[in-house]
Amino acid sequence: MSDYNFAYLDEQTKRMIRRAILKGVAIPGYQVPFASREMPMPYGWGTGGVQVTAACLTPDDVLKVIDQGADDTTNAVSIRRFFQKTAGVEVTEATAEATIIQTRHRIPETPLTEGQILVYQVPIPEPLRFLEPRETETRRMHELEEYGLMHVKLYEDIARHGTIATSYDYPVRVEGRYVMDPSPIPKFDNPKLSGNPALQLFGAGREQRIYALPPYTQVVSLDFEDHPFVASKAEHDCDLCGASDSYLDEVITDDQGNRMFVCSDTDYCRTRRAAGLVGRLGGEAA
Amino acid sequence: MNARIFYENSETSQEFRCAERPLLAVRGLTKRYGERIGCAEVSFNLWPGEVLGIVGESGSGKSTLLSCLAGHLAPDEGEVVFATAEGPRDTVTMSEAERRRLARTDWAFVHQNPRDGLRMGVSAGGNVGERLMAVGARNYGAIRGRALDWLERVEIAADRIDDRPRAFSGGMQQRLQIARNLVTGPRLVFMDEPTGGLDVSVQARLLDLLRGLVREMGLSVIIVTHDLAVVRLLADRLMVMKGGRVVEQGLTDQVLDDPRHAYTQLLVSSVLQV
């Protein structure tokens, strides 16, 4: 153990954050303001998510941190080390073993279970921001449920690209009330937001907002009758494990135009390969 | 003088009498800015299908009055009773949610500067479609169809539907703003100097267009302007304001051809004759 207070933040700060979380859980999709603290990492690196995780963490928790689905990228590694050092909690890469998962822009492929907490890092929590720059006005719009503007954004997409080209950060409506920004997860993950048995918490450090989806909350992706929502992914199977149902990253392998598609969820891919499943390039690359 | 008498004698009074109650009844509307008054004790009735012009010099309180009527400013005294589908309601005391619902269904507001009334970063079609989507339209094809129809009605070429208003001329922007406001078929339109800042030939075409739309859709309009030619062409009835108060009101031709109040006489005689 170290000289840090458990999970870095002082107890009063954690209580303040827990109060915001409780309020967020009570009003699904509503952005609760909170007094975001300076964290020993730059804004944009998950300061909001880290504060939410710190407030939820207990010494018995098992923590998993992913960045775009991967357990071994810089952001994930540094946050995992941060909590190992300041909280001394056990960490894991296996989704099923974790009790708290902090994620940057993905929902794990392995279905979550009751009792798990998924913490999202959110850069811009306000879904209406790019259409309406005034904070006073967007708050009023949430208050009065004036969400026509959200569809103007989707209309512009179809007018310009022929289809709804928004592929991440896709706006959703929570329990028929608040329109919510699901943080920049790919829209492939949007259906997993709805009816999820895990508690989902969203923290935006710079913007000082926390919002939440309690377990089994109904979440609907916005769309048009004649242009329905489609959870899209690359038309491929994973080249390492052969999975056809997971979200894929495209990796350029040389300068001859060769490329491979691999699961963005590294834990999911590794588990499948350990079970003997092999994709197109699985033998040579792995 | 009594505006009501002129009004009963007008040729069109027949159809106005058919309406049982006014679309908008304003009583004793007052807005103060600290010690100064914005507008004071304004009362009038607006009947369905009627175009009311409000003229006066800069600072006479006409824009303040319009903002109070449209719910952008909260008046200090008085009531503004609008005949909603569910019966007459005082829009000053109704909740903001209801007032904003009115503002995107039964009402429309045309700003002097189209940049205030348009979303400059959104295509022309999206601008026209916004009000439709705000009242629950969720079919892209239908929204686009209505947008195309309205662009045609305000004489904007159909192939400009995906262009942003930034790429439009001033006159086109103003016409787009009008299309965006009228697409949901409002019953009452507030206009704040709709022809200000446009050159005279564009003004003339815009006025022509407005006159056609007003007659065709049977709109009631309250139009604020300092341009007497605009009210001569569009307005049935006229209110002249000075120092925040209504100094004269009556039928447009009556007021302009036979002004009673000294200020109205000055105003009418100040118009340059070319």
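**Some thoughts on the overall build of chain A**
Move 1: Counting its regular elements, chain A contains 8 helices and 12 strands.
Move 2: Computed over the C-alpha atoms, the radius of gyration of chain A is 19 Å, within 12% of the 19 Å expected from 2.2 N^0.38 for a compact globule of 286 residues.
Move 3: Projected onto its principal axes, the C-alpha coordinates of chain A cover approximately 55 × 55 × 35 Å.
Move 4: When burial is assessed residue by residue, chain A has 54% of its 286 residues classed as buried.
Move 5: Here chain A holds 30 positive side-chain charges and 42 negative ones, and the gap between their average locations is 5 Å.

**Digging into the overall build of chain B**
Move 1: Summing up its helical and strand segments, chain B has 12 helices and 10 strands in all.
Move 2: A compact globule built from 274 residues should have a C-alpha radius of gyration of about 19 Å, and chain B, at 19 Å, falls within 12% of that.
Move 3: Its C-alpha atoms give chain B principal-axis dimensions of roughly 55 × 50 × 45 Å.
Move 4: For chain B, buried positions account for 53% of its 274 residues.
Move 5: Split by element, the accessible area of chain B, about 12200 Å² in all, is 48% carbon and sulfur.

**Description of unusual backbone geometry**
Move 1: Despite not being glycine, Y216 of chain A shows a phi value in the positive range, around 60°.
Move 2: The residue Y216 of chain A is located in the loop between β9 (209-213) and β10 (219-221) in this model.

**Section: helix α4 (residues 135-143) of chain A**
Residue and element names in this part refer to chain A.
Move 1: Residues of α4 that are buried: E137, T138, M141 and H142. Considered in projection along α4, the buried side chains sweep an arc of 140° and stay on one side of the axis. Within α4, the exposed residues directed more than 90 degrees away from the buried face are T136 and R139.
Move 2: Taken from the residues just after α4, E145 is the one with a positive phi, measuring 55°.

**So, the domain arrangement of chain A**
Residue and element names in this part refer to chain A.
Move 1: Considered domain by domain, chain A is made up of domain 1 (11-127 + 171-221) and domain 2 (248-285).
Move 2: Counting residues at the interface gives 13 residues for domain 1 and 6 residues for domain 2.
Move 3: Each partner contributes to the roughly 680 Å² buried at the junction of domain 1 and domain 2, and carbon and sulfur atoms together form 35% of this total.
Move 4: Area buried by domain 1 at its contact with domain 2 is led by G69, E93 and E109, which between them contribute 44% of it.
Move 5: Where domain 1 packs against domain 2, one counts 1 salt bridge.
Move 6: Across the pair E93 and R270 runs a salt bridge, and its minimum N-O distance is 2.8 Å.
Move 7: Counting across the interface, domain 1 meets domain 2 through 7 residue pairs in polar contact (both at pLDDT 80 or more).
Move 8: Among the residues forming the side of domain 1 that touches domain 2, the class breakdown is 3 nonpolar, 4 polar and 6 charged.

**Re helix α12 (residues 262-269) of chain B**
Residues and elements named next belong to chain B.
Move 1: Those residues of α12 lying buried are Y263, T264 and L267. Within α12, the buried residues cover an arc of 100° as seen down the axis, which keeps them to one side. Exposed residues on α12 whose side chains face more than 90 degrees from its buried face are A262, L266 and S269.

**Considering the packing of aromatic side chains**
The way to describe two aromatic rings as a pair is by their centre distance and the angle between their planes.
Move 1: Applying the stated rule across the entire model yields 13 aromatic pairs over all chains.
Move 2: Centre to centre, the rings of Y4 of chain A and Y8 of chain A are 5.8 Å apart; their planes meet at 45°, and the pair counts as tilted.
Move 3: Ring centres of Y155 of chain A and Y140 of chain B lie 5.2 Å apart, and the angle between their planes is 40°; this geometry places the pair in the tilted category. Within this pair, whereas Y155 of chain A is found in helix α5 (residues 148-161), its partner Y140 of chain B is found in helix α7 (residues 140-153), the two belonging to separate chains.

**Thoughts on the interface of chain B and chain A**
Move 1: On the side of chain A, 21 residues touch chain B, which itself brings 22 residues to the contact.
Move 2: Overall, the association of chain B and chain A removes approximately 1900 Å² of surface from exposure, summing both partners, and the carbon and sulfur fraction of that is 53%.
Move 3: At the junction of chain B and chain A, the tally comes to 5 salt bridges.
Move 4: Of the charged contacts, one joins R100 of chain B and E137 of chain A as a salt bridge, the two residues approaching to 3.0 Å between their closest N and O atoms.
Move 5: In this structure, the connection of chain B to chain A is made through 13 residue pairs in polar contact (both at pLDDT 80 or more).
Move 6: Elements represented by at least two residues in the side of chain B that touches chain A include exactly α4 (96-104), α6 (124-134) and α7 of chain B.
Move 7: Broken down by element, the side of chain B that touches chain A gets its largest block of residues, 5 residues, from α6 of chain B.
Move 8: Looking at the side of chain B that touches chain A, its residues break down into 7 nonpolar, 6 polar and 9 charged.

**Some words on the side chain of S264 of chain A**
Residue and element names in this part refer to chain A.
Move 1: In this structure, S264 sits in the loop between β12 (259-263) and α7 (266-274).
Move 2: Separated by 3.4 Å, the side chain of S264 and the backbone oxygen of Q68 make a polar contact.
Move 3: Dropping the residues within four chain positions of it, S264 is found in contact with Q68, G69, A70, R106, Y247, L248 and D249.

**A short note on the nonpolar core**
Move 1: The biggest cluster of nonpolar side chains holds 66 residues, and the ones touching the most others in it are Y155 and F224 of chain A together with V128, W150, L176, V189 and V221 of chain B.
Move 2: For this core, the element with the most residues is α5 of chain A, which contributes 7 residues.
Move 3: Non-local contacts of V189 of chain B, meaning those with residues more than four positions away in its chain, are made with A108, V110, L182, L219, S220, V221 and I222 of chain B.
Move 4: Listed in part, the 32 residues of the second largest apolar core include V32, V50, L63 and A87 of chain A.

What counts, and where the lines are drawn
Residues numbered from 1 in each chain as written. Chains lettered and ligands numbered in written order. Predicted model: local features only at pLDDT ≥ 70, side-chain atom pairs only at ≥ 80, totals over all residues. Heavy atoms only, no water. Helix = DSSP H or I, 4+ residues; strand = E, 2+ residues; numbered from the N terminus. Rg over C-alpha atoms; globule rule 2.2 N^0.38 Å. Buried < 20%, exposed > 50% of the residue type's maximum accessible area, 1.4 Å probe, protein only. Lys, Arg positive; Asp, Glu negative; His and termini not counted. Charge placed at Lys NZ, Arg CZ, Asp CG, Glu CD. Areas by Shrake-Rupley, 256 points an atom, 1.4 Å probe, with all protein chains shown as cover. Arc of directions from axis to C-beta. Domains from an automatic or database assignment. Contact = heavy atoms within 4.5 Å. Buried area = accessible area lost by both parts, 1.4 Å probe. Salt bridge = Lys/Arg side-chain N within 4 Å of Asp/Glu carboxyl O. Polar contact = N/O pair within 3.5 Å; in protein donor to acceptor, adjacent residues only side chain to side chain. Nonpolar A, V, L, I, M, F, W, Y, C, P; charged D, E, K, R; others polar. Phe/Tyr/Trp six-rings, centres within 6.5 Å; stacked < 30°, edge-to-face > 60°. Core = buried A, V, L, I, M, F, W, Y, C linked by side-chain atoms within 4.5 Å.

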